[in-house]
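One letter stands for each residue in the lines below.
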Amino acid sequence: MKNFIFWSGVYNAGLALTLTCPPAYRLLGLNVPAPLWGWLIAGFLGFTSVVLILASCNLRLRAAFVYWESILRYIAALLLVPAGLFGDLGLIAVPLGLGDLAIGLVYMFGLPKELGVSHLTLLCDAID
């Protein structure tokens, strides 16, 4: 689980770097309406990247951050998949959103199993 969390943090960093460069994300078929939005999302992804990488170093202490990240991944999937299919964001948004959904599921259901704690314990950051 630690390796998965670490590499998903690296993945977020890669997405953040890509979103700082409009020619790069346009080349991939992503249509961000204005560079400002790409940069704003890149900042958010950069922060979550650091959180995930640090959490992977001491998972028991920082597991709640990863658990909450799973909820953010679900929200991303809910926004990206329809925007890719029915909006003008680009079809590349669909696999990105489905990837977020998959990562969120691994976080949400893998963490309680890995740490031997309940969902509520992770949600409330009540690991002893």
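Because the structure is predicted, anything quoted here is derived from the model rather than measured.

The rules behind each value
- Residues numbered from 1 in each chain as written.
- Predicted model: local features only at pLDDT ≥ 70, side-chain atom pairs only at ≥ 80, totals over all residues.
- Heavy atoms only, no water.
- pLDDT = per-residue confidence, 0-100.
- Helix = DSSP H or I, 4+ residues; strand = E, 2+ residues; numbered from the N terminus.
- Contact = heavy atoms within 4.5 Å.
- Core = buried A, V, L, I, M, F, W, Y, C linked by side-chain atoms within 4.5 Å.
- Buried < 20%, exposed > 50% of the residue type's maximum accessible area, 1.4 Å probe, protein only.
- Patch = residues over 30% accessible without salt bridge, like charges linked within 9 Å, V, L, I, M, F, W, Y side chains within 5 Å.
- Areas by Shrake-Rupley, 256 points an atom, 1.4 Å probe, with all protein chains shown as cover.
- Salt bridge = Lys/Arg side-chain N within 4 Å of Asp/Glu carboxyl O.

Trainee: Explain the confidence of the model for the protein here, please?
Mentor: Any segment with low pLDDT has predicted coordinates that should not be analysed in fine detail. The pLDDT averaged across the protein works out to 96; a share of 100% of its residues lies at or above 70. The element-level mean pLDDT for the protein is lowest in helix H2 (residues 22–27), coming to 94, with helix H1 (residues 2–19) highest at 98.

Trainee: Explanation requested: the environment of Gly9 in the structure shown.
Mentor: With respect to the helices, strands and loops of the structure, Gly9 is situated in helix H1. Along the backbone, Gly9 and Ser56 are 47 residues apart, and their C-alpha atoms lie at a distance of 8.9 Å. Those residues in contact with Gly9, other than ones at most four positions away along the chain, are Ser49, Leu52 and Ile53.

Trainee: Explanation requested: the nonpolar core in the structure shown.
Mentor: Within soluble globular proteins, side chains that are nonpolar tend to cluster in buried spots. Core analysis: the largest hydrophobic core is formed by 16 residues, its most contacted members being Ile5, Val66, Leu111, Leu115 and Leu122. Secondary-structure elements contributing two or more residues to this core are helix H3 (35–57), helix H4 (59–86) and helix H5 (93–115). Residue contacts for Ile5: discarding those within four places in its chain leaves Leu52, Ser56, Leu59, Val66, Tyr107 and Leu111. By size, the runner-up hydrophobic cluster in this structure holds nine residues, among which are Ala16, Leu19, Leu89 and Ala93.

Trainee: Mind showing me how you'd approach a nonpolar patch on the surface here?
Mentor: The grouping of Phe44, Leu72, Ile75 and Leu79 at the surface amounts to a nonpolar patch, some 380 Å² of accessible area in total. With three residues, the single largest contributor to the nonpolar patch is H4. Among the secondary structure elements, Phe44 is positioned in helix H3. Judged by relative accessible area, which is 43%, Phe44 ranks as partly exposed.

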